[in-house]
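Here's the letter readout for the chains.
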Amino acid sequence: MSEELQPHRHRRSRRQDSPFVRLLKTYWVELAIVAGLLLTIFLFFEQMNIRGTLLAWLQGVDDTVMGIVGRVIDALIRFRSGLGLSELIAIPLFLIVLAALLWRVRWRLRRTPALVILTCPRCGGRIHRAHRHGVDRLVNLVVPVRRYRCGGKECRWHGLRVEGVGQQTRHAPAAE
Ligand SMILES: [Zn+2]
């Protein structure tokens, strides 16, 4: 479309985003999960009084590195003596973040055409369902997968294909 046809109000949202912005737009959920993970780690280590240590470091010019190490060691010793409020928040949060991460990995893998397409990745030939291995069932807990074998006589490829969105319970198209 030509520049004149573009309504004026759309001018601010330029189509050519920088690679960084495009990266943010594509992976914002992943980035949010990583941020959640960092927050969880922060909450875990909050107990170690890192914030206090940092504040002390910023305030006291005469606070030596050895002083900080001493504080961290003190905090570590205190950390070992029972669960605090930080852990009570951090442990459930960690589980939520982990679940979110698994969900997102599953979401993305099921939308990755190269993993979902039901043709042989080696020769492009027709593939057929095969019996699942024990490991496949473990993988299947996170991402739905099926084992396939290539029909090509020379190829003999066999491996997993991810069950794509909308492929549920529907098998590979029947041979014609
Ligand atoms: Zn093949």
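See the structure above.
Residues numbered from 1 in each chain as written. Predicted model: local features only at pLDDT ≥ 70, side-chain atom pairs only at ≥ 80, totals over all residues.

### Overview of the sheet that holds strand 2 (residues 145-150)
Here's step 1: Overall, antiparallel pairing links the 3 strands, which are arranged 1-2-3 in an open sheet. With one partner strand each, in any of the chains shown, strand 1 (127-129) and strand 3 (158-162) form the two edges of the open sheet. Here the strands of the sheet are splayed against their neighbours by 45 degrees on average, with no regard to which way each runs.
Here's step 2: Examined bridge by bridge, strand 2 and strand 3 share 5 bridges and lie antiparallel to one another. Along strand 3, the bridge assignment pairs Val145 with Val162. (Pairing = 2+ DSSP bridges. Helix = DSSP H or I, 4+ residues; strand = E, 2+ residues; numbered from the N terminus. Axes fitted to C-alpha atoms, helices over the stretch in contact; angles between N-to-C directions.)

### Concerning the pairing of strand 2
Here's step 1: With 3 bridges joining them, strand 1 and strand 2 adopt antiparallel strand pairing. Looking across to strand 2, one finds that Ile127 is bridged to Cys150.

### Regarding the environment of Tyr148
Here's step 1: Locating Tyr148 in the fold gives a position in strand 2.
Here's step 2: For the pair formed by Tyr148 and Cys120, sequence separation is 28 residues and the distance between their alpha carbons is 8.6 Å.
Here's step 3: With residues up to four places along the chain from it excluded, the contact list for Tyr148 reads Ile127, His128, Arg129, Ala130, His158, Gly159 and Arg161. (Contact = placed C-beta atoms within 7 Å.)

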